[in-house]
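Observations on chain architecture
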Amino acid sequence: MKQTFSEKILSRKAGRSVRAGEVITASPDFYLSHDNSSAIIGEFKKLGLAKVKAPGKIVIILDHIVPASEEKYAQNHKTIREFVRAQGLPHFFDIQHGVCHQVLSESGFALPGRLIMGSDSHTTTYGAYGAFAAGIGRTEMASIWATDEIWLRVPETLRIEFRGAFPRGVFAKDAILKVIGDNGADRANYEAVEFAGPASSSFSLASRMVLANMAAEMGAKNGYFAPDDLTLDWARAHGRGGFEPVSSDPGAAYEAVLDCDLSVLEPQIACPHTVDNVKPVREVEGKPFHQALLGTCTNGRFEDLEVAARILTGRTVHPGIRLLVLPASRAVYLEAMKAGLLEILSEAGGVILNPGCGPCLGAHEGLLAPGEVVVGTSNRNFKGRMGGRDSEIYLASPATVAASALEGKIADPRKYL
Amino acid sequence: MSKGRVWKYGDDVNTDVIYAGRYTYQQLEPAEMAKKAFEDLDPAFASGVKPGDVIVAGKNFGCGSSREQAAACLRYAGVQAVIAKSFSRIYFRNAINLGLAVLQSLDAPDALPSGDEIDIDFEGGRILSGGRVFTFFPLPESVLGIVRAGGLLEWTKKKLATP
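Residues numbered from 1 in each chain as written. Chains lettered and ligands numbered in written order. Predicted model: local features only at pLDDT ≥ 70, side-chain atom pairs only at ≥ 80, totals over all residues. Heavy atoms only, no water.

Soluble globular proteins tend to bury their nonpolar side chains together. Grouped together as the largest cluster of nonpolar side chains are 41 residues, with contacts concentrated most on Ile-160, Phe-162, Val-193, Phe-195, Leu-211, Met-218 and Leu-262 of chain A. Among the secondary structure elements, those contributing two or more residues to this core are β8 (157-163), α6 (172-183), β9 (192-196), α7 (205-214), β11 (256-261), β15 (322-326) and β18 (392-395) of chain A. The greatest single-element share of this core, amounting to six residues, is contributed by α6 of chain A. Here this core spans two domains, since at least three of its residues come from each of domain 1 (27-260) and domain 2 (268-416) of chain A. Among the nonpolar cores identified, the runner-up in size contains 38 residues, and Tyr-9, Ile-18, Val-82 and Ile-96 of chain B belong to it. (Core = buried A, V, L, I, M, F, W, Y, C linked by side-chain atoms within 4.5 Å. Buried < 20%, exposed > 50% of the residue type's maximum accessible area, 1.4 Å probe, protein only. Helix = DSSP H or I, 4+ residues; strand = E, 2+ residues; numbered from the N terminus. Domains from an automatic or database assignment.)

Here the focus is the interface of chain A and chain B. At the junction of the two partners, chain A supplies 48 residues and chain B supplies 41 residues. Between chain A and chain B lies a buried interface of about 3,800 Å² when both sides are counted; carbon and sulfur atoms form 53% of it. Where chain A touches chain B, the interface holds five salt bridges. Arg-389 of chain A serves as the salt-bridge partner of Asp-40 of chain B, at 3.2 Å between the closest nitrogen and oxygen. Applying the counting rule to chain A against chain B returns 22 residue pairs in polar contact (both at pLDDT 80 or more). Per-element accounting of the side of chain A that touches chain B gives the leading share, six residues, to helix α5 (residues 138-147) of chain A. Of the residues assigned to the side of chain A that touches chain B, the class counts are 17 nonpolar, 16 polar and 15 charged. (Contact = heavy atoms within 4.5 Å. Buried area = accessible area lost by both parts, 1.4 Å probe. Salt bridge = Lys/Arg side-chain N within 4 Å of Asp/Glu carboxyl O. Polar contact = N/O pair within 3.5 Å; in protein donor to acceptor, adjacent residues only side chain to side chain. Nonpolar A, V, L, I, M, F, W, Y, C, P; charged D, E, K, R; others polar.)

Below, the discussion takes up the domain arrangement of chain A. Residue and element names in this part refer to chain A. Along its sequence, chain A is carved into domain 1 (27-260) and domain 2 (268-416). For domain 1 and domain 2, the distance between their C-alpha centroids amounts to 23 Å. Taken together, the contacts link 37 residues of domain 1 with 36 residues of domain 2. Here domain 1 meets domain 2 over a buried area of about 3,000 Å², counting both sides, of which 58% is carbon and sulfur. In terms of surface lost to domain 2, no three residues of domain 1 exceed Val-99, Lys-173 and Leu-177, which account for 19% of the buried area on that side. Counting across the interface, domain 1 meets domain 2 through one salt bridge. Secondary structure elements with two or more residues in the side of domain 1 that touches domain 2: α4 (100-106), α6 and α7.

What follows is the structure, encoded as structure tokens:
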């Protein structure tokens, strides 16, 4: 029987051969939670259990509101630290590490063939490493802590085949925005998205994370890149524990196959207030704005900061723009610092924030006043997400954000690259 | 048969507008959470909603964040069901886990206006409004057990108690 990646990995977990549409019970390899662990602890306690079932599978990474901006958030963090100590949880990452998806990945938990559940919608990110990774809610995570099991429907798969090479000034973010814009924010609802085609192995791991991360914005259950030499070399060098690569069989059944020719793409931007409201940057060029956000779990890695620094070297951002720089993790921060990128971005007028979720979810810093506009590299532009109900969020690549920050209005980055 | 009054919204209603990020990492009591429901989409909702009311929406209801308060706040506000053309995956799971009825209907959302009084026949999979009858997909058998148990925590308790 020909199987997709998702059918194969869930067959292995179910202990029988399964097809899309079946419901299985599985024991995940790891489960991630973040600041919401405090709410999960509350739900877990309602079950009346003294101990979690599998402490070695729980990964907790504090990132959403770090450092705590108010007493209530400090209390949440304290509750989590106490629980981690009491339960003897070995995989706890306190506030200094960065965004959970980056930290979990670079710490070697996300490996080919693994099943990872996370109480965060962008858990899909780990598909960049060939893992099956999907988001769930808090109550569901409490139940996993108690039972080490979850029910999963085996998803159908939407395959996206990339071919050609990116033109100058066009990046992974532009490709995924174009796909979402063309196909809609619910195109892959409940489905697995397989990123494939001859050009897929030309993406760096960082770029694969952009696509797998944004698969959530198509409604996908998980996103996936077949592991190749790049993945396997990385996994052997940095992975925690063993792993077993899984790939789709040739001839497996797909719900649909979409084609994406990278060579004809131009810079893209998602306009307010939905991620599928995507236009070429040239159509909104000249739109004034107030804040630029460079970073996040979507585009806060070294290659993202590097391209922005290339554009901003020896220049300063427009006086009307507040540029916020949010490296995805401490490891990225250190690498960017040692390479001089943070110096360039700071000299250009950028505010270097500590790694974490920062302004992206609008909970504690870098918020927008009513009527303000942000152009950022994050993954969601829902109404009011980053502050005032009447504020606006545009989403684009790091290059587009850097070029726009320079000009004080939305700008096409190609003239700077 | 269960009566309810319709609050009608469009496609792609996301979890940020159902329950804003600024409240997501605060731990609020149910009555407080109910007051935040739809704050960024329809400021009139929280003060006007009555027990038994029904949300009717288009496709992809609950897209975005995995925050389950977006399901909980509606239940705490007294909403008895959300009827939509389709639901975002995590929202659908969360709603079932928290005991909020999520009914997928292809024909009812376009036909039902705000303020309409409807009857929901949960067992029969029917929605009735002024002599018109619409249908919704029954929940998959595999998840009905969770609903029947009264939500995921109760279901898990039973599972843990079974040797």
